[in-house]
Amino acid sequence: MNNNKVVYHLKDKAIWLVLIVLVVAFTIANPRFINPSNVMTLLRQVAVFGIASIGMTFVILLGDIDLSIGTIMSFVNIICAYMMVKMGMNMVLAVIISLIAATAIGVLNGLMVSTVGIPAIIATFATQTAFNGLALIICGGMPISGFPDGFAIIGQGYIGIVPIPVIIMAVCFAIGSFVLNKTYFGRYFYAVGGNMEAAKLSGIRVGVVKYLVFALSGLFSGLAGIVLLSRTNSGNASAATGYEFDVITCVVLGGVSITGGFGKMSGVVAGTFIIGALQNGMVLMNINSYVQDIVMGIVLALAVGFDCIQKKSQQN
Amino acid sequence: MSEEYVLELEHIRKEYPGVVALKDVTLQLKKGEILALIGENGAGKSTLIKCCSGAVIPTSGKIKVNGKEFTSMTPQLASENGIAIIYQEFNNVKELSAAENLFLGHPIRKGIIVDKAAMEKEAAKAFDRLHIKINPKELMKNLTVGYQQMVEIAKAIQQDAKILIMDEPSAPLTSKEVESMFEVVELLREQGVSIIYISHRLEEIYRLSDRILVLRDGEYIKTLITKDSEVQELIQLMVGRELTETYPPRGDCIKKDDVVLELKNVTGNGDRNINLQVRRGEIVGLGGLVGAGRTELAEIIFGAAKKQSGQIIFKGKEVNPKSPREAIDLGIALVPEDRKRHGAMLGISIKNNINMPIYQRNSTLSVINSKKEKAIAEKYRENMAIKTPSLNQLVKNLSGGNQQKVILGRWLAADSELIIFDEPTRGIDVGAKHEIYKLMNDLVEKEGKAILMISSEMEELMGMSDRILVLAEGDMTGEISKEEFSQETIMAYASAAKSKVEEA
């Protein structure tokens, strides 16, 4: 038992150790890495993944997956831009409607997974493809730009020296942590992901929990999409294509078990920073972007592999 | 001597860590006979036949097939030596034809091409030999369960099986199908095939078998000649163990007029027309064999399975729980049989496990009242005497007995008034068993709960219950009052052989 505890704590801290090693290594390779301006750039880049990773953490805790979040971000990019530019809608209203739409896409995922019973990987894959098509139809394949004054603040503004997206990310992580640790929803997520049958027999309405989790995943992706839109200042139907890959990597790297039931928000924070550091560091080192893809693929395989090997050894 | 027998198991012993599943079991099978293998749940029948098939390696003992001696079998070796087993779950491919299934694994070929026509021709011959009428071209999925079983048997014979072991072959069949299966089995006996026939249904055993081998608690008890034996003797042999365990006594605490649960003609989930009552302060035992429909009944009451018709009356009001959540809110709890899969949530803490059903009640705007959460967990740790250094301990690190106490604590915390126990002490060591029994006594005596207890252990059933109801194949076959408790009566009802006992 004591032994278990030691391993548990080591695993908990190991991820931070990896982050430190990575930072030191990149700094040695290129001292510019640790420059405050680069650190802020890194954090701003990371913010989009970070915000989206909170919903994904809930989804993976349940043992499911959400492949639609990249598309949700892009879709929000387009509709929010469209409403502001082509319809002349008030900025705040456009953002609110966009977030509602993102949540609705999540609810649609929930419907397919929970009520219909389609495996999450397929249901969200379908959503991914369909809404990508819809986004392209809305914008006619062209980027939309020319946003009202003030919209850029969300993605490009600063409070003191801290970029606003980073603040939004920090608040989101705090909310995520609060939901997981202080509310009964958090308890339900762990229970359902750990043992769905027992959770059901303990009175948890598993179907409702799934709806909620996919809806939250949609909402957080929507928010990430808004931040991205504001940062790039241009609505683009392929703005976040493939982002689900990075977000999933952040979450599993952070120690959330891909089969559900286990993981912490703090780990996901570390996982997100590691992905950010990797991407930023590789750019600074002038590593070819194709090679970057190879590295990212290996990182995902290693993160999940580590989790699986641990599971296997526990079973034996 | 050994020439007379086609299969001999000598002094077979099988140990699992902490358990001896088979102790010195000897079995002899003659050429062209049907040997019935009987025993209660857990008597070791399945383990014994798995020793013959190679699925289980005996710890010690010898297996002789046609005089050839082996210390253990492998599936390959078993089939080479003409041993075939018909399991309850068929090994067939539903999308292929009867003929293709018959030759599954070794199809007739013409070069590298499978010769369908030849297989169909051979299959027709094989079915003919067993007097069964199946179109070899018919897809497996279109055949009834009875015919699918026939294909299995034909397949075994086609592969030259001389020893056929059938594990509860009649269980999935309708009575008409059973009759055709008997005819096939009798035909095989005439053709010189030796058969080991496992069944709970005593009438079948009398109808079919030449000899009967009785196992009990992993031990060989006796082999009888069927026509010289009597049902009562057989039942006695199956259950006749000494009652060794002592059960904690409890006072008379039954509130006669306070019926907590009443079922009226409840049908569904495999059960038919079940009527029962559980009163406050009473422990009602639910006996029967595995698969008799007891767990299924519990699922209906707990809202985990659908009821087709009939009424559930809880505390005087008709209720119809459609989910466990609704049942829990009414005050019904289920302590499931498979603790690890359905009961405890192993990966989370004791505190969370105990509070799980009542988190919503103890939250304000979805934020958990953590003081209350802790206080409740602490209270039931004390009440249940859960041995743990911390309430944050993960449940997977607890012993079986302590896990069971966590689950019990959970239901008490949820203010349940009716607690259904499904095999309350399965996989729990002797000392902890006693503690669970005491807790159950306290529940009815001090807390005024009502308990419905499903158990396959005769002693537990008789030691703990105020009354025992017995189910057999989805029907309620008997109700036994405390004065009439005996293993023989329960067993007779459970094998639905009541009429035979009365005749005898």
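- The name an unreviewed UniProt entry assigns to chain B is Sugar ABC transporter ATP-binding protein, from the organism Mordavella massiliensis.
- Turning to chain B, the UniProt record has this under Subcellular location (unreviewed entry): "Cell membrane".

- Chain A carries the name ABC transporter permease in an unreviewed UniProt entry, which gives Mordavella massiliensis as its organism.
- Of chain A, the UniProt comment under Subcellular location (unreviewed entry) reads exactly: "Cell membrane".

1. Things to note about the overall build of chain A
- Helix and strand content of chain A: 13 helices and 4 strands.
- Viewed in the frame of its principal axes, chain A has a C-alpha envelope of about 60 × 55 × 35 Å.
- For chain A, the residues scored as buried account for 49% of the 316 residues in total.
- Expressed as a percentage of contacts within chain A between residues at least 6 apart in sequence, the contacts between residues at least 24 apart total 79%.

2. Things to note about the overall build of chain B
- Tallying secondary structure elements over chain B gives 18 helices and 24 strands in all.
- The C-alpha atoms of chain B give 26 Å as radius of gyration, which agrees with the globular expectation for 504 residues (23 Å, within 12%).
- When burial is assessed residue by residue, chain B has 46% of its 504 residues classed as buried.
- Relative to all contacts within chain B whose residues are 6 or more apart in sequence, the contacts with residues 24 or more apart total 68%.

3. A closer look at the interface of chain B and chain A
- The interface of chain B with chain A comprises 25 residues on the first partner and 20 residues on the second.
- Mapped by element, the contributors of at least two residues to the side of chain B that touches chain A are helix H10 (324-330), helix H11 (339-343) and strand E20 (367-368) of chain B.
- Of the residues belonging to the side of chain B that touches chain A, the class tally is 14 nonpolar, 9 polar and 2 charged.

4. Focus: helix H6 (residues 175-190) of chain B
Residues and elements named next belong to chain B.
- Look at H6: 23 Å from first C-alpha to last across 16 residues, which is about the 22 Å you get at 1.5 Å a residue.
- Along H6, the residues that are buried comprise Met181, Val185 and Leu188. Buried residues in H6, looked at end-on, bunch into an arc of 55°, giving them a common side. For H6, the exposed residues lying more than 90 degrees away from the buried face are Ser175, Lys176 and Glu190.
- Among the structural elements, strand E3 (34-38), helix H5 (145-158), strand E9 (163-167), strand E10 (194-198) and helix H7 (202-208) are those in contact with the buried residues of H6.
- Positive phi appears at Gly192, one or two residues downstream of H6, with a value of about 95°.

5. A short note on the sheet that holds strand E15 (residues 283-287) of chain B
All names here are of chain B.
- Spatial strand order, E18-E21-E22-E15-E23-E24: 6 strands in an open sheet with mixed pairing. Among the strands making up the open sheet, the edge pair consists of strand E18 (332-335) and strand E24 (475-481). In this sheet, neighbouring strand axes are inclined to one another by 20° on average, regardless of whether the strands run parallel or antiparallel.
- With 4 bridges connecting them, E15 and strand E22 (residues 450-454) associate as parallel partners. Residue pairing in the sheet places Ile283 in a bridge with Ile451 of E22.
- Against the sheet, helix H9 (residues 294-301) makes contact with E15, E18, strand E21 (418-422), E22 and strand E23 (467-472), and its axis sits at roughly 150° relative to E21, the strand it touches most.

6. Topic: the packing of helix H4 (residues 91-116) of chain A against helix H10 (residues 206-232) of chain A
All names here are of chain A.
- Interaxial distance between H4 and H10 falls to 7 Å at its minimum, and their mutual angle equals 145°. Like other packed secondary-structure pairs, H4 and H10 cross with a definite hand, here right-handed.
- Considering only residue class, the contact of H4 with H10 consists of 13 nonpolar, 13 polar and 1 charged.

7. Things to note about the environment of Ile428 of chain B
Residues and elements named next belong to chain B.
- With respect to the helices, strands and loops of the structure, Ile428 is situated in the loop between E21 and helix H15 (430-445).
- The sequence separation of Ile428 and Gln404 amounts to 24 residues, and the corresponding C-alpha distance is 8.6 Å.
- Leaving out residues up to four positions away in the same chain, Ile428 has contacts with Gly400, Gly401, Gln404, Lys433 and Ile436.

8. A short note on the sheet that holds strand E16 (residues 309-314) of chain B
All names here are of chain B.
- One open sheet holds the 4 strands; their spatial order is E14-E13-E16-E17, and the pairing between them is antiparallel. The open sheet has two free edges, formed respectively by strand E14 (271-279) and strand E17 (317-319), since each of these has just one partner strand. The mean inter-strand angle of the sheet, taken between neighbouring strand axes irrespective of direction, is 20°.
- Two strands pair when backbone bridges link them, and strand E13 (residues 259-268) and E16 are joined in this way by 5 bridges, in the antiparallel orientation.

9. With respect to the environment of Gly427 of chain B
Residue and element names in this part refer to chain B.
- Among the structural elements, Gly427 can be located in the loop between E21 and H15.
- Taking the C-beta count within 10 Å as the criterion, Gly427 has 15 such neighbours and is therefore assigned partly exposed.
- C-alpha separation for the pair Gly427 and Glu337, spaced 90 residues apart in sequence, amounts to 9.7 Å.

10. Structural notes on the pairing of E16 of chain B
All names here are of chain B.
- The pairing of E16 with E17 spans 3 bridges and is classified as antiparallel. In the sheet register, Ile313 faces E17, and the bridge partner there is Glu318.
- If you look at the hairpin formed by E16 and E17, you'll find 2 residues sitting between the two strands, and Lys315 has a positive phi there, around 50°.

11. Structural notes on unusual backbone geometry
- Even without being a glycine, Asn286 of chain A presents a positive backbone phi close to 60°.
- Inspection of the secondary structure puts Asn286 of chain A in the loop between helix H12 (265-284) and helix H13 (289-315).
- The phi angle at Ala385 of chain B is positive, at roughly 55°, despite the residue not being glycine.
- Topologically, Ala385 of chain B is positioned in the loop between helix H13 (370-384) and helix H14 (400-413).

12. With respect to the environment of Glu445 of chain B
Residues and elements named next belong to chain B.
- Looking at where Glu445 falls in the secondary structure, it is placed in helix H15.
- Overall, the presence of 14 C-beta atoms within 10 Å leaves Glu445 in the partly exposed class.
- Separated by 194 residues in the primary sequence, Glu445 and Gly251 place their C-alpha atoms 7.2 Å from one another.
- In this structure Glu445 touches Arg250, Gly251 and Cys253, once residues within four positions along its chain are discounted.

13. Describing the nonpolar core
- Counting residues in each nonpolar core, the largest one holds 250 residues, and the members touching the most others are Ile51 and Ala52 of chain A together with Leu164 and Ile420 of chain B.
- In terms of residue count, H10 of chain A provides more of this core than any other element does, 14 residues in total.

14. Side note on the pairing of E23 of chain B
All names here are of chain B.
- With 6 of its 6 residues buried, E23 lies for the most part within the structure.
- The alternating pattern of E23 places Arg467, Leu469 and Leu471 on one face and Ile468, Val470 and Ala472 on the opposite face, and all of these are buried.
- Here 6 bridges tie E23 to E24, and the two strands are oriented antiparallel to one another. Its bridge partner being in E24, Arg467 is matched across the sheet by Ser481.

15. Let's talk about helix H3 (residues 69-85) of chain A
- Here H3 of chain A spans 24 Å end to end across 17 residues, near enough to the 24 Å set by a 1.5 Å rise per residue.
- Most of H3 of chain A sits out of view: 15 of its 17 residues are buried.

16. With respect to the confidence of the model for chain B
- With 97% of its residues at a pLDDT of 70 or more, chain B shows a mean pLDDT of 89.
- Both confidence scores are given for the complex: pTM 0.80, ipTM 0.86.

Definitions and limits used
Residues numbered from 1 in each chain as written. Chains lettered and ligands numbered in written order. Predicted model: local features only at pLDDT ≥ 70, side-chain atom pairs only at ≥ 80, totals over all residues. UniProt positions renumbered as here; feature names shortened; annotations may be inferred. Helix = DSSP H or I, 4+ residues; strand = E, 2+ residues; numbered from the N terminus. Buried ≥ 20, exposed ≤ 12 C-beta atoms within 10 Å, placed from the backbone. Contact = placed C-beta atoms within 7 Å. Rg over C-alpha atoms; globule rule 2.2 N^0.38 Å. Nonpolar A, V, L, I, M, F, W, Y, C, P; charged D, E, K, R; others polar. Expected span 1.5 Å × (residues − 1). Arc of directions from axis to C-beta. Pairing = 2+ DSSP bridges. Axes fitted to C-alpha atoms, helices over the stretch in contact; angles between N-to-C directions. Left-handed = near helix turned anticlockwise from the far one by under 90°. Core = buried A, V, L, I, M, F, W, Y, C linked by C-beta atoms within 7 Å. pLDDT = per-residue confidence, 0-100.

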